[in-house]
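As a plain string of letters, each chain reads:
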Amino acid sequence: MFLKKFQKLFFKISPYSQAGQDLFAIELFGKKGSYIDIGAGHPERGSNTYLLEVINEWKGFSLDISKENKYLWESSKVRNNKIYWEDAMTFDYQLAIKENNLTYEIDFLSCDIDPQDKTFAALQKVINEGLRPKYIAFETDRYKTEINYSKLAELFLKPFGYNVGVKNVYSNLKKKKIFETWFVRNSLNYKTVEYSNWVKK
């Protein structure tokens, strides 16, 4: 009985991503979508795109300046989409879009590097280069910084046709550890929801 109640309450927990970023992408777009993963980290553990690429046949590319996990990516038998070991601040996103046969209107952008001002700068660079992701998982680390990067990103993205899809996204079921905001294109007609309500739908 307890297990059934637990599963009903938290069935949107992903075995890979930290807060279900991948599940939200699948909810919006289903199989065979497209992504860019900035700040990819580990190829599987904590990955926002493992479930998308490996299980749901999504195409895209990843980016990370740190080569800490390079061996794991290179030795992976299932992560076949390209990863670039470059700086998100100087990376040529337009060229990468062409190299990977993607369009500027990709389905999902995961934007998660440290510190938060660089995450915001990377988001601005992607948008200013003409890319228009339909869904953006934007790390704010609101729980540990006084600067409200969620609001800054919202104000920046609004003129480009975005609104907040899921707000107050928290980490590992810790409601006080709010660390992300998920933005969506207005064309998706997605009404803003609290993360705590989304995981229970």
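All values reported here derive from a predicted model rather than from experimental measurement.

Calculation notes
The residue count restarts for each chain, going from 1 along the sequence in the order it is written. With the structure being a predicted model, the display of local features is reserved for residues of pLDDT at least 70 and the display and counting of side-chain atom pairs for 80 or more, all residues being used for whole-chain, interface and lining totals. To obtain the side-chain values, all non-hydrogen atoms of the structure were included, while hydrogens and water were left out. Whether a residue is buried, partly exposed or exposed follows from its accessible area with a 1.4 Å probe, protein chains only, as a fraction of its type maximum: under 20%, in between, or over 50%, in that order. By the criteria applied, helices consist of DSSP H or I runs no shorter than four residues and strands consist of E runs no shorter than two, each listed in order from the N terminus. Strands qualify as paired when DSSP identifies two bridges or more between them. Put simply, buried Ala, Val, Leu, Ile, Met, Phe, Trp, Tyr and Cys residues joined by side-chain atoms within 4.5 Å make one nonpolar core. Any pair of residues with heavy atoms lying within 4.5 Å of one another is described as a contacting pair. Our arc is simply the arc of the directions from the helix axis toward the C-beta atoms. The definition of a polar contact used here is a pair of N or O atoms within 3.5 Å, where within protein one atom must be able to donate a hydrogen and the other to accept one, and adjacent residues in sequence count solely through side-chain atom pairs. Only the contacting stretch of a helix is used when fitting its axis, a line to C-alpha atoms as for every element, and angles between N-to-C directions run 0 to 180 degrees. In this scheme, roughly parallel covers angles under 35 degrees and roughly antiparallel covers those over 145, while 65 to 115 is roughly perpendicular and the rest are oblique. Residues are grouped as follows: Ala, Val, Leu, Ile, Met, Phe, Trp, Tyr, Cys and Pro are nonpolar; Asp, Glu, Lys and Arg are charged; every other residue, Gly included, is polar. Each salt bridge in this description consists of a side-chain nitrogen of Lys or Arg and a carboxyl oxygen of Asp or Glu lying within 4 Å of one another.

**Here we look at the pairing of strand E6 (residues 162-171)**
- Across the ten residues of E6, seven count as buried, placing the element largely inside the fold.
- The sheet contact formed by E6 and strand E7 (residues 174-185) spans seven bridges and is antiparallel. Following the sheet pairing, Ser171 is matched in E7 by Lys174.
- Note: E6 against strand E8 (residues 193-194), two bridges, orientation parallel. Bridging from a neighbouring strand, Val166 pairs with Val193 of E8.

**Some words on the sheet that holds E7**
- One open sheet accounts for eight strands, arranged E3-E2-E1-E4-E5-E7-E6-E8; its pairing is mixed. Each having just a single partner strand, strand E3 (83-84) and E8 make up the two edges of the open sheet.
- Bridge analysis of strand E1 (residues 34-38) against strand E4 (residues 108-111) gives four bridges, and the strand direction is parallel. The residue of E4 that forms the bridge with Ile36 is Leu109.

**A word on the nonpolar core**
- One finds Ile38, Leu109, Leu123 and Phe138 to be the most contacted residues of the largest nonpolar core, which totals 30 residues.
- Elements with a contribution of two residues or more to this core: E1, strand E2 (59-63), helix H5 (93-99), E4, helix H6 (116-128), strand E5 (135-139), helix H7 (149-157) and E6.
- A total of five residues in this core trace back to one element, the largest contributor, which is H6.
- With near-sequence residues (within four places) excluded, Leu123 lies in contact with Leu109, Cys111, Ile136, Phe138, Ala153, Phe156 and Leu157.
- Among the nonpolar cores identified, the runner-up in size contains 20 residues, and Phe24, Ala25, Phe179 and Val199 belong to it.

**Structural notes on helix H2 (residues 21-29)**
- Gln21, Asp22, Phe24 and Ala25 are the residues of H2 that are buried. On an axial view of H2, the arc spanned by its buried residues comes to 160 degrees, and they lie on one face.
- As for H2, its buried residues are in contact with helix H3 (50-56), E4, E5, E6, E7 and helix H8 (195-198).
- With its phi angle positive at about 70 degrees, Gly30 sits one or two positions after the end of H2.

**Re the side chain of Ser110**
- Tracing the backbone through its elements, the reader meets Ser110 in strand E4.
- Of the residues examined, Ser110 reaches a relative accessible area of 1% and is grouped as buried.
- Within polar-contact distance, the side chain of Ser110 engages the side chain of Asn48 at 2.8 Å.
- Excluding anything up to four places from it in sequence, Ser110 contacts Ile36, Asp37, Ile38, Asn48 and Ala137.

**Structural notes on the packing of H6 against H7**
- Between H6 and H7, the least distance of the axes is 11 Å, while the angle of their chain directions is 10 degrees. Taken together, H6 and H7 sit at an angle that is classed as roughly parallel. Facing Gln116, Asp117, Phe120, Leu123, Gln124, Ile127 and Asn128 of H6, the residues of H7 in contact are Tyr149, Leu152, Ala153, Phe156 and Leu157.
- Along the lines of polarity and charge, the residues of the contact of H6 with H7 split into eight nonpolar, three polar and one charged.

**Notes on the pattern of salt bridges**
- Inspection of the entire model under this criterion finds eight salt bridges.
- Glu57 serves as the salt-bridge partner of Lys32, at 4.0 Å between the closest nitrogen and oxygen. Of this pair, Lys32 sits in the loop between H2 and E1 while Glu57 sits in the loop between H3 and E2, placing them 25 residues apart in sequence.
- Note on Lys32: relative accessible area 60%, which makes it exposed.
- When the shortest N-O distance is used, the salt bridge between Glu154 and Lys151 registers 3.2 Å.

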